[in-house]
Amino acid sequence: MNQHPFHRPATPPEDSLCSREKLYFVVDNTSLGAVLVASSLKGVVCIILGDEPAQLIQNVQDRFPAASMINAGADYKSIIARVIAMVETPGIDLDLPLDIRGTAFQQQVWQALRAIPPGQTMSYADVARHIDQPTSARAVAGACAANGIAVAIPCHRVVRQDGALSGYRWGIERKRTLLAREADSMTNGFMPADNSLPEI
């Protein structure tokens, strides 16, 4: 049985580098531009979209300044393939292991986002009510903006109260495309329609 790519041998305690976390990353291309996936031993810590691979790498280095970035290359072929599939067919469940990092409030919001069914949207106020903090719509928007795991934590499914698209960390056109793809998948019968709001 092949060893899971997240389960790399631990650095021996006597190694002087053991105090620095190692993040393994790989960059590839999708129909929405470049995608970078970075992961710890526990799971994916970042999925970011953009135009320039070098800029994506810098983004992760800025986000995790104390970590050592290691190009995983072919070792992560299966992981990047699963992420690309999620970008090209948003809404499919590939059971991607995640290492979600953030404040307690951010993690609460992000967990709520993961419960929004593909093809549906919720407003920031809807999410705030579902996490029993009805006056925190603005904070919910901030948590969405801070999300560093695109698609797997689907902040693209959160819109304004009137249904209009609001900002998206990786570009409003990417958000529009992801939502359109989910709508098309439902129309074509690839995903079940469910008009009820998720229980969170």
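Residues numbered from 1 in each chain as written. Predicted model: local features only at pLDDT ≥ 70, side-chain atom pairs only at ≥ 80, totals over all residues. Heavy atoms only, no water.

A.B. asks: Just to check I follow, could you spell out helix α5 (residues 137-146) for this structure?
C.D. replies: Along an α-helix, a turn takes 3.6 residues, which lines up residues three or four apart on a common side. Within α5, the full set of buried residues consists of V140, A143 and C144. Angular distribution of buried residues about the axis of α5 spans 100°; they occupy a single face of the element. For α5, the secondary structure elements touched by its buried residues are α3 (104-114), α4 (124-130) and β6 (158-159). (Buried < 20%, exposed > 50% of the residue type's maximum accessible area, 1.4 Å probe, protein only. Helix = DSSP H or I, 4+ residues; strand = E, 2+ residues; numbered from the N terminus. Arc of directions from axis to C-beta. Contact = heavy atoms within 4.5 Å.)

A.B. asks: Just checking my understanding: could you explain the sheet that holds strand β3 (residues 44-50) for this structure?
C.D. replies: By definition, the strands of a sheet pair up through backbone hydrogen bonds, in either a parallel or an antiparallel sense. Pairing within the open sheet is mixed, and its 4 strands lie in the order β3-β2-β1-β4. The outermost strands of the open sheet, each flanked by one partner alone, are β3 and β4 (68-71). Between one strand and the next, the sheet's axes are offset by a mean angle of 25°, whatever the strand orientation. Alignment of strand β1 (residues 22-30) against strand β2 (residues 33-39), held across 7 bridges, turns out to be antiparallel. Across the sheet, the residue bridging to N29 is A34, located in β2. Here helix α2 (residues 77-88) sits on the sheet in contact with β1, β2 and β3, set at roughly 45° to β1. (Pairing = 2+ DSSP bridges. Axes fitted to C-alpha atoms, helices over the stretch in contact; angles between N-to-C directions.)

A.B. asks: Got a minute to help me understand the pattern of salt bridges in this structure?
C.D. replies: Applying the stated criterion across every chain, the model contains 8 salt bridges. In this structure, R129 engages D126 in a salt bridge whose closest nitrogen and oxygen atoms are separated by 2.5 Å. Of this pair, R129 and D126 are both found in helix α4, 3 residues apart, which corresponds to roughly one turn of the helix. The buried category is assigned to D126, whose relative accessible area is 17%. A salt bridge links E173 to R176; the nearest nitrogen and oxygen atoms lie 3.3 Å apart. (Salt bridge = Lys/Arg side-chain N within 4 Å of Asp/Glu carboxyl O.)

A.B. asks: Explanation requested: the confidence of the model for the protein in the structure shown.
C.D. replies: The predicted coordinates should not be examined in detail at positions where pLDDT is low. Looking at the protein as a whole, the pLDDT averages 84, with 82% of positions reaching at least 70. Throughout residues 8-17 the model reports pLDDT below 50, and contacts reaching past four residues in sequence, or to other chains, amount to 10 contacts. Ignoring residues within four places in sequence, the model shows residues 191-200, a span with pLDDT below 50, making 24 contacts including any to other chains. (pLDDT = per-residue confidence, 0-100.)

A.B. asks: What exactly am I supposed to notice about the pairing of β3 here?
C.D. replies: Sheet faces and side chains relate simply in a regular strand, where the side chains alternate between the two faces. With 7 of 7 residues buried, β3 lies mostly within the body of the structure. Here 6 bridges tie β2 to β3, and the two strands are oriented antiparallel to one another. If you follow A34 over to β3, its bridge partner there is G50. Hairpin connection of β2 to β3: 4 residues between the antiparallel strands.

A.B. asks: Which parts of the structure should I look at to understand unusual backbone geometry?
C.D. replies: Of all residues except glycine, most have a negative phi; of all peptide bonds, most are trans. Residue D132 is not a glycine yet carries a positive backbone phi of 60°. For D132, the location among the structural elements is in the loop between α4 and α5. Not every positive phi belongs to a glycine, and V151 is a case in point at roughly 70°. Within the fold, V151 resides in the loop between α5 and β6.

A.B. asks: Can you walk me through the nonpolar core in this structure?
C.D. replies: Nonpolar side chains tend to gather and get buried jointly when the protein is soluble and globular. Core analysis: the biggest nonpolar cluster contains 54 residues, and I47 and L113 have the highest contact counts within it. Secondary structure elements with two or more residues in this core: β1, β2, β3, α1 (53-63), α2, α3, α4 and α5. (Core = buried A, V, L, I, M, F, W, Y, C linked by side-chain atoms within 4.5 Å.)

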